[in-house]
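Per-entry structural report
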Amino acid sequence: MAGNSIGQLFKVTTFGESHGPAIGGVVDGCPPGMALTAEDLQLDLDRRKPGTSRYTTARREEDTVKLLSGVFNDTTTGCSIGLLIENTDQRSQDYSNIAALFRPGHADYTYWHKFGIRDYRGGGRSSARETAIRVAAGAIAKKYLKEHCGIEIRGYLAQLGPVKAEQLQWHEVENNPFFFPDPDKLNALDEYMRQLKKDGDSVGARVNVVASGMPVGLGEPVFDRLDADVAHAMMSINAVKAVEIGDGFAVVEQRGSTGRDELTPTGFSANHAGGTLGGISSGQDLLVSIALKPTSSISVPGKSINTDGEVVDIVTKGRHDPCVGIRAVPVAEAMLAIVLLDHLLRQRAQNAMVQVATPDIAAIARQQTPNE
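Let us look at the structure shown here.

What counts and how
Residues numbered from 1 in each chain as written. Predicted model: local features only at pLDDT ≥ 70, side-chain atom pairs only at ≥ 80, totals over all residues. Heavy atoms only, no water. Salt bridge = Lys/Arg side-chain N within 4 Å of Asp/Glu carboxyl O. Buried < 20%, exposed > 50% of the residue type's maximum accessible area, 1.4 Å probe, protein only. Pairing = 2+ DSSP bridges. Helix = DSSP H or I, 4+ residues; strand = E, 2+ residues; numbered from the N terminus. Contact = heavy atoms within 4.5 Å. Axes fitted to C-alpha atoms, helices over the stretch in contact; angles between N-to-C directions.

**As for the pattern of salt bridges**
Counting across every chain of the model gives 25 salt bridges. Of the charged contacts in the structure, one is a salt bridge between arginine 103 and aspartate 108, with a shortest N-O distance of 2.8 Å. Both residues of the pair, arginine 103 and aspartate 108, count as buried. Between glutamate 152 and lysine 146 there is a salt bridge whose closest N-O contact spans 3.7 Å. You can call glutamate 152 partly exposed: its relative accessible area is 30%. When salt bridges with common partners are traced through the structure, they connect Asp44, Arg47, Lys142, Glu174 and Glu333 into a single cluster.

Written out as structure tokens, the structure reads:
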């Protein structure tokens, strides 16, 4: 199976299935000399893991990560870092009734046609369970970026169904199970999710991720554009159907006179571009937004076919998230960190000696609102 790795100099490869004995990964290219323990990765894994609130799947995985290599005396050695997370709460019997059925909206049908064999237990390799390893690998990248480069990556849930955040209070994001930055909307979220679970249905979401403290110069002007690689990474996350950089689709109604982020000696006038110009980072905050579809694993009966092409009625049993966007926040942060560290190392490898007389100008001080 191809397509299990991302990155060039900072490269992450994952393996494992949802109901296998474990999931794991290999991180190549982490610079040596950085203090690193399993506890450094566990914080983000705990933010992503299932069973942490009544708003997520009831599957309970501790998601305890083991560092198998690449670390000596709690310090990275520059060698490959091996990661392993055991699966401990599989209930494969929940999926026995769909062994010969295709769940609508899932990868079952396409996976079957591509490989001719399918692990139907929880989606197998195509399950979002795999993202736990991405979060562990991303935590390594986040730590290096923050400690050695001053780049901080933070994310939040900007919208769940019809409920939109109208204010961005970063200190509130980790104070509620939704990763939501608007405390005035928490009751509305709770009521909406309760009704959603009663209906046996699901809903989509929007997640925003911001990288601040960005340097100028990351990315390439043609195929390896920074924004293109970020979009590629974000679209690799399960259920993501759209990615916006900066103003995204709102540029359709913009005029060039208002959307061009004018430069002055004291800084940029705005950040409509979202931190990249011509595929290269501008030093402004990198603003990324993703849209996640509602999960199709719901108890509302639906139509599908079986492996013989016959019409069937299907109800998905098991333990599933009514909104996958909630736990997608640390996953999106991880994917952004992986891309940024990869591009940082590539910039250092080719252009470390480049110097220009023009000073770096300041990023805009104004903070973007959640759904701007």
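So much for the structure itself; the text now carries on.
**Focus: the sheet that holds strand S8 (residues 152-160)**
Sheet architecture is open: 5 strands sit in the order S9-S8-S10-S16-S11, paired in antiparallel fashion. Looking at which strands have only one partner, the edges of the open sheet turn out to be strand S9 (163-164) and strand S11 (240-245). Sheet analysis places S8 next to strand S10 (residues 205-212), joined by 8 bridges and oriented antiparallel. If you follow leucine 160 over to S10, its bridge partner there is alanine 205. Contacts between helix H6 (residues 226-235) and the sheet are confined to S11 and strand S16 (286-292), with S11 contributing the most and set at about 155° to the helix. Those strands touched by helix H8 (residues 328-351) are S8, S10 and S16, and its axis lies near 140° from that of S8.

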